Amino acid sequence: MTPSYDIAVVGGGILGCATALRLSEGGMRAIVIERGDLGQGASGVNAGTLSLQIKRVKLMPYALEGHRRWAALGDAVGYRETGGYTLAFNEREANLLHERMALKAEAGAPIEFVAPSDLAKREPGLCQQVVAASWCAKDGYANSSLTGRYYRARLLAAQIPYREHSAVTAIEPFEQGFTLRTSHGEVSSRRLLLACGGWLQDVTKMLGVDLPVRARINTVSVTERGPRLVNTVVGHATGLLTLKQKANGTVLIGGGWQGQGSPREGRGRIDLGTLVPNLALAQYAVPGLRRLRILRSWTGFEANVPDFYPLAGALPGVPGAFVLGCVRGGYTIGPYISELMGDFILGREPERPLFDPARVFEATT
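Draft legend 1. Focus on the nonpolar core. Residues Trp70, Leu193, Leu324, Ile337, Met341 and Ile345 are the most contacted members of the largest nonpolar core, which totals 53 residues. When neighbours within four sequence positions are excluded, Met341 is seen to be in contact with Thr19, Leu193, Ala312, Gly313, Phe322, Val323, Leu324 and Leu354. Residues Ile171, Leu192, Cys196 and Leu200 belong to the second largest nonpolar core, which totals 27 residues.

This is the structure we're talking about:
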């Protein structure tokens, strides 16, 4: 049996599509297989925040490169560079803010601290109880709902075939590659890249590999349109709030508050026990929000492993198979780490290290 493709990419989010594009540029015949619509999983339902202030220090070089790639995409993905503030409301939060942001600034993020009196002049819509604030001029956002449309157009232009609504039900290795059984027929390929987010553990188990992948169920809410309240991305020192007001007046509110459910159930569910304090924190930071109604809240799955660093490299024990996922902050970092992954599969030396899926995982906070 001769495989039809050089590589099959399972997962049609940012990671899968961007890696397929890199591989195609390198001369490989790739196909993308997605269980839903392209870019409508975690890539399409997150809040679209591109904040360097909420990225982990070790991942900052990757986040800076990812941010440059989003900026280059511009209006095609709704990119806006507004700058962003992270706020502290008491002494404990202020100490946490200074400690974290100083490390991120050392790692290369253009972060500085601003006095509360200056903050009040710049963003008068914020509450008056701020005791410390940091500022990053590079922070901003993109429109995550445009992710699928953007990558579908890129795949078509590169003549990379894709199959949507094709869940992979089994993967069988053979001498020259892999046979993937999907809900819309079989696909054979010499290589395999698994980039399917919250479903990663179930799919790697098809090859006998049990990676410790878990899924967070992040909640996002949007308000009705209203008068201008803030002009920048707003966050909180604990990381439990991100907030931005779009050009149409709606306000997107996130912060990683957890819903209920699991990838196996298909979709997550809102948990009022976490939604209410999420919205209360947002209204405390921006009092004008109390006058706006919440139109909709939803959830999205964010995969992770115990050390909260990415899986990016060869799948242990399965020659020809690779894995890319669990990139915390993957919306920002995704376009860049996908290029590195593509270079690795093409046999090139990536310009930055990847994250070995065969490592020993140690839980971090």
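Now that the structure is up, let's keep going.
Draft legend 2. Layout of the pattern of salt bridges. Tallied over the full model, the rule gives 15 salt bridges. Residue Glu339 is joined to Arg22 by a salt bridge in which the shortest nitrogen-to-oxygen separation is 3.9 Å. Residue Glu339 is located in helix H9 (residues 330-345), and its partner Arg22 is located in helix H1 (residues 14-25); the two are separated by 317 residues in the primary sequence. A salt bridge links Glu186 to Arg181, with the nearest nitrogen and oxygen atoms 1.9 Å apart.

Draft legend 3. Layout of the pairing of strand E11 (residues 185-194). As judged from the five bridges shared by strand E1 (residues 5-10) and E11, these two strands associate in the parallel manner. Note that in E11 the partner of Val9 across the bridge is Leu193. As defined by bridge partners, strand E10 (residues 177-182) adjoins E11 across five bridges and the pair is classed as antiparallel. Looking at E11, one finds that Thr182 is bridged to Gly185. What sits between the antiparallel neighbours E10 and E11 is a turn of two residues. Note: E11 against strand E18 (residues 321-325), three bridges, orientation parallel. The residue of E18 that forms the bridge with Leu192 is Ala321.

Draft legend 4. Just the environment of Arg29, in detail. Within the fold, Arg29 resides in the loop between H1 and strand E2 (30-33). Linking Arg29 and Asp6, residues 23 residues apart in sequence, is a C-alpha distance of 5.1 Å. Residues in contact with Arg29, not counting those within four places in the same chain, are Pro3, Ser4, Tyr5, Asp6 and Ile7. From its side chain, Arg29 meets the backbone oxygen of Ser4 in a polar contact 2.4 Å long.

Draft legend 5. Main features of the sheet that holds strand E12 (residues 214-223). Taken together, eight strands build an open sheet; the order of strands is E5-E6-E4-E13-E14-E15-E12-E16 and the sheet is mixed. The outermost strands of the open sheet, each flanked by one partner alone, are strand E5 (111-114) and strand E16 (294-304). For this sheet, the mean inter-axis angle between neighbouring strands, taken without regard to orientation, is 20°. Where E12 meets E16, ten bridges bridge the pair, whose relative direction is antiparallel. Bridged to Ile217 within E16 is Phe301. Each of strand E4 (84-88), E5, strand E6 (132-136) and strand E13 (233-236) is contacted by helix H4 (residues 91-106), which is oriented at about 150° to E5, the strand it contacts most.

Draft legend 6. Main features of the side chain of Arg56. You can see Arg56 is positioned in the loop between strand E3 (49-50) and helix H3 (60-73). Here Arg56 occupies a buried position and makes no salt bridge, while the nearest side chain of opposite charge, Asp307, is found at 6.1 Å. Among the polar contacts listed, one links the side chain of Arg56 to the backbone oxygen of Asp307, at a separation of 2.9 Å.

Draft legend 7. The arrangement of unusual backbone geometry in detail. The backbone phi angle of His165 is positive, close to 55°, even though this residue is not glycine. If you trace the backbone, His165 turns up in the loop between strand E8 (162-163) and strand E9 (168-174). Even without being a glycine, Phe308 presents a positive backbone phi close to 60°.

Draft legend 8. Seen up close, the packing of aromatic side chains. Overall, the coordinates contain nine aromatic pairs when judged by the stated rule. Centre to centre, the rings of Tyr62 and Tyr336 are 6.2 Å apart; their planes meet at 55°, and the pair counts as tilted. Pair noted here: Tyr62 is in helix H3 and Tyr336 is in helix H9, with a separation of 274 residues, a long-range link. A relative accessible area of 6% places Tyr62 in the buried class. With a centroid separation of 4.9 Å and an interplanar angle of 80°, the aromatic rings of Tyr150 and Tyr151 are classed as edge-to-face. On the basis of relative accessible area, Tyr150 is assigned to the buried category, the value being 13%. On the basis of relative accessible area, Tyr151 is assigned to the buried category, the value being 5%. These aromatic residues form a ring-pair network of at least three members: Tyr62, Tyr309, Tyr336 and Phe355.

Draft legend 9. Broad picture of H1. Helix length check: H1, at twelve residues, gives a terminal C-alpha distance of 16 Å against a target of 16 Å (1.5 Å per residue), a fit within 8%. With nine of twelve residues buried, H1 is to be regarded as a mostly interior element. Listed as buried for H1 are Ile14, Leu15, Gly16, Cys17, Ala18, Thr19, Ala20, Leu21 and Leu23. Count one or two residues on from H1 and you reach Gly27, which has phi positive near 105°.

Draft legend 10. Representation of helix H8 (residues 272-285) within the structure. Under the 1.5 Å per step criterion, the end-to-end length of H8 is 20 Å for 14 residues, consistent within 8% with the ideal 20 Å. Among the residues making up H8, those that are buried are Thr274, Leu275, Asn278, Leu279, Leu281, Ala282 and Ala285. Within H8, the buried residues cover an arc of 155° as seen down the axis, which keeps them to one side. Seen from the open side of H8, the exposed residues pointing more than 90 degrees away from its buried face are Leu272, Gly273 and Val276. Sitting at the head of H8, Asp271 places a side-chain oxygen 2.8 Å from the backbone nitrogen of Gly273.

Rules of the game
Residues numbered from 1 in each chain as written. Predicted model: local features only at pLDDT ≥ 70, side-chain atom pairs only at ≥ 80, totals over all residues. Heavy atoms only, no water. Core = buried A, V, L, I, M, F, W, Y, C linked by side-chain atoms within 4.5 Å. Buried < 20%, exposed > 50% of the residue type's maximum accessible area, 1.4 Å probe, protein only. Contact = heavy atoms within 4.5 Å. Salt bridge = Lys/Arg side-chain N within 4 Å of Asp/Glu carboxyl O. Helix = DSSP H or I, 4+ residues; strand = E, 2+ residues; numbered from the N terminus. Pairing = 2+ DSSP bridges. Polar contact = N/O pair within 3.5 Å; in protein donor to acceptor, adjacent residues only side chain to side chain. Axes fitted to C-alpha atoms, helices over the stretch in contact; angles between N-to-C directions. Lys, Arg positive; Asp, Glu negative; His and termini not counted. Phe/Tyr/Trp six-rings, centres within 6.5 Å; stacked < 30°, edge-to-face > 60°. Expected span 1.5 Å × (residues − 1). Arc of directions from axis to C-beta.

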